[in-house]
Amino acid sequence: MGLTEAQAQERDIERFAAPQGQDEAVLARQWAQVRARLQEEIGEVEYRTWLRQAVLHGLDGDEITVMLPTRFLRDFVNKEYGALLTALWQATNPVVRRVDIRTRAVQRAPEAGVVDAAGGADNAGALEAALGEPRPRATLAKAEDRGVVLAALDPRFTFETFVVGKPNEFAYACARRVADGQAPAGFNPLFLYGGVGLGKTHLMHAIAWELSHRAERDVTVAYMSAEKFMHRFISALRKQSTLEFKNELRSVDVLMIDDLQFLIGKDGTQEEFFHTFNALVDAGKQIVVSADKSPSDLSGIEDRLRTRLGCGMVADVHATTYELRMAILEAKAARAGADVPVKVQEFLAQKITSNVRELEGALNRLVAHAHLFNRPVTIETAHEVLHDVLRAYDRKVTIEEIQKQVADHFNIRVAEMASARRARNIVRPRQIAMFLAKQLTTRSLPEIGRKFGNRDHTTVMHAVKQVTALCEKDAGVAEDVELLRRSLSV
Ligand code: ADP
Ligand code: MG
């Protein structure tokens, strides 16, 4: 398998960073980690669209500066990914508090803050129209002075912006109860679980916002990812300040740990978490935890911890339904002030089914594209702008389907695909089927060979070469292959 872009960058940095001096090398390595995490969080396609061109400028005090080539990209990244970028930096380097996202050609005016010297290539006006008023620079949520510790809360993740439907109504109701600050003992801990991109983090942040900003009482909330918990714990060990760490955590009213599955296999950190957990529950404090699986399915978590995790309220955030996806799209389009026809919303809700984050990303791209090129959002532009995302959601074609379709096309029996016969009118279609199997599936050469009557992988390789060469020489063959490819790809 090839490296992802971020992995390749990390490798390059490892190779070239050493002579630049230790600090820069460390920073470069951290930046590579942040990029890799970003890519995981938002997906390869989004990453490539918006963040590939991001360059690390440096660390000044507690502020990291990241550069993007245009104002358009800068504003979009700031708005959509600023909080995430900040959170990831904070998780990677404890010194970092803020992330400043700038365009590359920037001058600092004497008093007026930052002034763009760039311009030209981008279309900031259109972007502002597309995405609403630019948000102030991403910073650590200013919640600290209001009672949230260690948090980088995303200001978009509130109960108001959370769309409730059948799949998430129970989790939502539980989250609300805890956010009211009056949840009965049976709600401790609240354990939210479900697949990627279904709104767990959104609900966690919403609880934290509500408790720290709205509650009458003075409530101290600690929200962090399990990863951050581990980082903090390890750095406390290193600095021999574990007691402070313990006391700090045990002094909060509500402890929220996101993505607990991260603690699988991290025995020392699990142990620490277990003790903190017990101390807080015994003191009547609230715990909220999220994970990708239910407590009983979280293998690799110590039994006694698993038992405690499962004895409060366990709420499943189910996969979305078509209705919920439509409601989410409608709400997000309305928030962006974008005119997205119902037909396009239906199209997206049908196609992008597994993950709200991707659904949202697709909508954002469509809207940004429409404004940038001053064109309405239509099904055609959706196809055009989102072809890479849509392709990933397309039905996966199997070798059997390819064999059947090719056999039909050339009017031979499917059984000939695996037979030993070497007649020319059989060999050619068989080779084309092998070629298409290589192109349209992720199967390896030996796997393909096996499906074609246990042929050797070199035979498949030969077929791929033959057909490639033939397509160049013979327009008739090229046309057959293209026709088959298209009918198999829809
Ligand atoms: P998870 O933590 O479960 O992987 P997130 O909470 O990060 O998922 O959600 C991914 C994205 O989808 C976020 O931008 C979030 O706001 C959005 N999202 C998920 N579910 C909903 C929902 N029901 N209503 C509105 N936005 C949602
Ligand atoms: Mg999450």
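Residues numbered from 1 in each chain as written. Chains lettered and ligands numbered in written order. Predicted model: local features only at pLDDT ≥ 70, side-chain atom pairs only at ≥ 80, totals over all residues. Heavy atoms only, no water.

A.B. asks: Give a description of the overall build of the protein chain that names residues and reports values.
C.D. replies: In terms of helices and strands, the protein chain carries 21 helices and eleven strands. Put simply, the protein chain has 490 residues, and 47% of those count as buried. Restricting the contact set of the protein chain to residue pairs at least 6 apart, pairs at least 24 apart contribute 71%. (Helix = DSSP H or I, 4+ residues; strand = E, 2+ residues; numbered from the N terminus. Buried < 20%, exposed > 50% of the residue type's maximum accessible area, 1.4 Å probe, protein only. Contact = heavy atoms within 4.5 Å.)

A.B. asks: Please provide a residue-by-residue account of unusual backbone geometry, values included.
C.D. replies: Backbone torsion omega between Asn188 and Pro189 reads -5 degrees, so that peptide bond is classified as cis. Take Pro189: it is sitting in the loop between helix H6 (169-179) and strand S7 (190-194). You will see that Asn411, though not glycine, has its phi angle at about 60 degrees, which is positive. Residue classification places Asn411 among the exposed residues on the basis of a relative accessible area of 71%.

A.B. asks: Explain the confidence of the model for the protein chain residue by residue, including any values.
C.D. replies: Here the protein chain shows a mean pLDDT of 82. Residues at 70 or above account for 84%. Low pLDDT, under 50, characterises residues 9-22; the stretch is placed with ten contacts to residues that sit more than four places away or in other chains. A low-confidence stretch, residues 106-148 stays under pLDDT 50, and its non-local contacts, those more than four residues away or across chains, total 82 contacts. (pLDDT = per-residue confidence, 0-100.)

A.B. asks: Requested: an account of the side chain of Lys200, with residues and values cited.
C.D. replies: Within the secondary structure layout, Lys200 lies in helix H7 (residues 200-214). At a separation of 2.7 Å, a polar atom in the side chain of Lys200 contacts the main-chain carbonyl oxygen of Gly195. Once residues lying within four places of it in the same chain are set aside, the contact partners of Lys200 are Leu192, Tyr193, Gly194, Gly195, Ser290, Ala291 and Val317. (Polar contact = N/O pair within 3.5 Å; in protein donor to acceptor, adjacent residues only side chain to side chain.)

A.B. asks: I'd love a proper account of H6, names of residues and values included.
C.D. replies: Burial in H6 covers these residues: Ala171, Tyr172, Cys174, Ala175, Val178 and Ala179. Down the axis of H6, the smallest arc covering the buried residues is 165 degrees, so these residues share one side. Positioned one or two residues after H6, Gly181 has a phi angle of 80 degrees, which is positive. (Arc of directions from axis to C-beta.)

A.B. asks: Outline the packing of aromatic side chains, supporting the account with residue identities and numerical values.
C.D. replies: Under the counting rule described, the total for this entry stands at nine aromatic pairs. Taking the centre distance of 5.7 Å and the plane angle of 90 degrees together, the rings of Phe159 and Tyr172 count as edge-to-face. Taken together, the residues Phe159 in the loop between strand S6 (148-149) and H6 and Tyr172 in helix H6 connect sequence positions 13 residues apart. Per residue, the accessibility class of Phe159 equals that of Tyr172, and both read buried. In this structure Tyr172 comes out as buried when scored by relative accessible area, which is 17%. Here a set of aromatic residues connected by ring pairs shows up, and it is made of Phe229, Phe233, Phe245, Phe273 and Phe277. (Phe/Tyr/Trp six-rings, centres within 6.5 Å; stacked < 30°, edge-to-face > 60°.)

A.B. asks: Summarise the packing of helix H4 (residues 71-92) against helix H14 (residues 356-372); cite the residues concerned and give the values.
C.D. replies: The geometry of H4 relative to H14 is characterised by a closest axis approach of 13 Å and an angle of 150 degrees between their N-to-C directions. One element, H4, and the other, H14, form an angle in the roughly antiparallel class. Between H4 and H14 lies a crossing whose hand is right-handed. For the pair formed by H4 and H14, the contact residues are Phe72, Phe76 and Glu80 on the first element and Asn364, Ala368 and Leu372 on the second. Considered class by class, the residues forming the contact of H4 with H14 number four nonpolar, one polar and one charged. (Axes fitted to C-alpha atoms, helices over the stretch in contact; angles between N-to-C directions. Parallel < 35°, antiparallel > 145°, perpendicular 65-115°, else oblique. Left-handed = near helix turned anticlockwise from the far one by under 90°. Nonpolar A, V, L, I, M, F, W, Y, C, P; charged D, E, K, R; others polar.)

A.B. asks: Kindly report on the pattern of salt bridges, identifying the contributing residues and their values.
C.D. replies: The final tally for this structure, using the stated rule, is 27 salt bridges. Among the salt bridges present, the one from Glu248 reaches Arg232, with a minimum N-O distance of 2.8 Å. Pair noted here: Glu248 is in helix H9 (residues 242-250) and Arg232 is in helix H8 (residues 226-238), with a separation of 16 residues, a long-range link. Among the residues examined, Glu248 registers a relative accessible area of 31% and is labelled partly exposed. A residue is classified by how much of its surface remains accessible, and Arg232, at 24% relative accessible area, is partly exposed. Within this structure, Arg37, Glu40, Glu41 and Glu227 form a network of salt bridges that share partners. (Salt bridge = Lys/Arg side-chain N within 4 Å of Asp/Glu carboxyl O.)

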